[in-house]
Amino acid sequence: MLLLSSLFLISLFSFVDFVFAIGCPDVHPLLEFKSSADSADFLSSWSESTDPCSGSWVGVTCRNARVTRLVLQGMNLTGSIQALTRLDQLRLLSLQHNNLSTVSKAAALDLSGLKNMKLLYLSFNRFSGNFPSGISSLRRLRLLDLSHNRFSGYIPGEDLRQLPHLVTLLLEENSFTGPLINIPEALSEFNVSDNNLVGEIPESLSFFPVDSFLRNQNLCGKPLSVNCSKKSLRSDPLPLSLSGKEHRGPKLTRNLLLLIILADALALLMILALVFFCCYKWAKRAEDPPKKQWQLSSRTGGNRDRKRGGGEEEMVFFEGCEGFQRVEDLLRASAEMLGKGIVGTTYKAVMDGGKVVVVKRVRERRNRKEVWPSLRQVGRLRHDNVVALRAFYYSKEEMLLVYDFLRNSSLHSLLHGNRGPGRTPLGWTTRLLLSAGAAKGLAFLHYSCQTKMAHGHLTSSNILVDNNWNACISDFGLHLLLPPSSRSFSPSKAYKAPELVASSNNHHNNKVPQECDVYSFGVIILEILTGKTPGDGDVDLVKWVRGTVREEWTSEVFDLELLREREMEEEMVGLLQVALLCSAPEPKDRPKMGIVHKMIEEIGARGSSGRRGGGLSSPATYLSSSGSSPALSDDGAPNRNLF
């Protein structure tokens, strides 16, 4: 009986092992790695009797019974990682701050088995030998961190150019040699400092900061201060007195020397004459009155107080209007054009006292009786997240709207401006705060208007950022100023709700319900999360996001710049849920803006415990520090079936 019991138990354990092996084919590579690398038994939870995908194995995350994430940082692991390269469904592998090494100095680390890898962190270990082989097989790779190791040999630029999604390449503190050659153009973060590289930095890499190339003694070219001249690349010929050879170059005769001196003197006189001429012109221009870059109608009325004029001509001032008292003050202001929008041209005007305002000149408009109530209502609205209308001027010939001037540009510029090397990425905390501020401002506008007035053409371009980095809604209700037959009002289709796109009747009457604003706001949140411009390349951003999170992985939608953030996946997915609620196809399914604002605030509150000091800090704080640590996630939130 004892023998039969023993045989039964052995068979049972063998069957369990067989079941686990079938349920998760990644068991054996993981256990092989543990046996060779975990001498201190930090991975004691990795047991043959349990399933790696049960959630009990430290550092292991699975999807569909396959290991997709392995995070084992600072666990004093030693030995080779070659067994882990058989985990062909890994998206993220982080082994930073261990004592791992290659099998031998002669054999390079082979990564060809990690075909689905996206984020690979191997920094602060003892890897040596040549650059890992098989790197060109990792076609989905976005980040590669081999810094602070002992790698040597050439950097394989040809293999790296075959990685279309690679945005971060960190190779500092190694012993790489040879020249730098062109590598992927999509890179936004790159560092090869503290190596033994030689030659000229390629032009495609010269846009990275100087810190990316320091302490390579034989490296030259921009952005380094070392010139790649012939003198620095090869030795100069010895002078005659030292070489013992006769100098056979052309000799400078006395007449030729005098001719050169005369030519130099003449050139100097011409330069001085040009400088005096320019100074004279500038001095004369300073005496003349400044030329206007914009002009009002010649029929502008006379002096006015807070409200003056009669008939079809009127200048009205609202609370907080400073720097000018009459329309003539606007006339005298120096101004520059900022751009043209759906209702007219926008100018930046500087008053005599230095006050700066924005003046919007409306091309077409309704008659005074129709315009007045809407402008009166908008002019009384005051909120920290709304750009205030300070005054307006109405005459038979034209209409001017005067707003506060905000210096920090628009949300659109912050998201899409200067993409590429040298750009300061817009950090996650900043994006979340701007989302919350914009939602708060739009909610205020919706609830403060008794007539249920809507913004009408909300886009990321008319969400401005003030000096304190608050998001402010601008151009509220401008569509109501245009005549019903006007074709000027044609907001970007990418931001328009489906019911507006389908109904030409609503478009001609300029009647836009508040539910359409909610849809537009949802598109803006998707723009913040994805970094993509709505309508770019005729791609419907809402449909693309919904299709991606339904068919593949949630993380595919997030902006590559957000990979630099750390452990914010849950907040990102939470905001993504809010965006998809706002952009629901049916108006009745969209939440009110007050609810939207509360949901975004709750996302920030849940994440505040992980931020120093608690709560959401000023966005300006995060602009300079958002890129300090890369993210340890490739596929979003823990629950990927939310959509």
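Residues numbered from 1 in each chain as written. Predicted model: local features only at pLDDT ≥ 70, side-chain atom pairs only at ≥ 80, totals over all residues. Heavy atoms only, no water.

*Asks:* Got a sec to walk through the overall build of the chain? Specific residues and values, please.
*Replies:* Scanning the chain from terminus to terminus reveals 17 helices and 23 strands. In the chain, which comprises 643 residues, the share counted as buried stands at 47%. A total of about 32,700 Å² of accessible surface is found on the chain, and carbon and sulfur atoms cover 53% of it. (Helix = DSSP H or I, 4+ residues; strand = E, 2+ residues; numbered from the N terminus. Buried < 20%, exposed > 50% of the residue type's maximum accessible area, 1.4 Å probe, protein only. Areas by Shrake-Rupley, 256 points an atom, 1.4 Å probe, with all protein chains shown as cover.)

*Asks:* Pulling in residues and values, what's your account of the nonpolar core?
*Replies:* Counting 79 residues, the largest nonpolar core has Leu401, Phe521, Leu576 and Ile600 as its most contacted members. Top contributing element to this core by residue count: helix H13 (residues 514-530), with 10 residues. The residues contacting Leu401, other than those within four sequence positions of it, are Val358, Val359, Lys360, Val362, Leu375, Leu389, Ala391, Phe392, Leu478 and Leu481. Among the nonpolar cores identified, the runner-up in size contains 55 residues, and Leu43, Met75, Ile81 and Leu205 belong to it. (Core = buried A, V, L, I, M, F, W, Y, C linked by side-chain atoms within 4.5 Å. Contact = heavy atoms within 4.5 Å.)

*Asks:* How would you summarise the sheet that holds strand E10 (residues 168-170) if you had to cite specific residues and measurements?
*Replies:* Strand order in this open sheet of seven strands is E1-E2-E4-E6-E8-E10-E12, and the pairing throughout is mixed. The sheet terminates laterally at strand E1 (60-63) and strand E12 (189-191), the two strands that pair on one side only. With strand direction ignored, the average angle separating the axes of adjacent strands in the sheet is 15 degrees. By the bridge criterion, three bridges tie strand E6 (residues 119-121) to strand E8 (residues 143-145) in an arrangement that is parallel. (Pairing = 2+ DSSP bridges. Axes fitted to C-alpha atoms, helices over the stretch in contact; angles between N-to-C directions.)

*Asks:* Describe in detail the pattern of salt bridges, supporting the description with residues and values.
*Replies:* Using the criterion set out here, one finds 13 salt bridges in the structure. Salt-bridge contacts for Arg161 lead to Glu158; the nearest nitrogen and oxygen are separated by 2.3 Å. What makes Arg161 partly exposed here is its relative accessible area of 38%. For Arg215, the salt bridge goes to Asp194, with nearest N and O atoms at 2.6 Å. Here Arg215 is found in the loop between strand E13 (196-200) and strand E14 (218-220), whereas its partner Asp194 is found in the loop between E12 and E13, with 21 residues between them in sequence. Here the salt bridges share partners, and the residues they tie into one network are Asp26, Arg66 and Asp88. (Salt bridge = Lys/Arg side-chain N within 4 Å of Asp/Glu carboxyl O.)

*Asks:* Now, about the layout of surface pockets: what can you tell me, with residues and values included?
*Replies:* Of the volumes computed, that of the second largest pocket is approximately 750 Å³. The wall of the second largest pocket is formed by 33 residues, among which Lys360, Ser461, Asn462, Leu464 and Asp475 lie closest to the centre. It is strand E17 (residues 334-340) that contributes the most residues to the lining of the second largest pocket, three residues altogether. For the lining of the second largest pocket, the per-class residue count stands at 12 nonpolar, 16 polar and five charged. (1 Å grid on protein atoms, 1.4 Å probe; cavity = no way out; pocket = protein on both sides within 12 Å on 5 of 7 lines; lining within 4 Å. Points joined across faces, edges and corners; volume = space filled by probe spheres on them. Nonpolar A, V, L, I, M, F, W, Y, C, P; charged D, E, K, R; others polar.)

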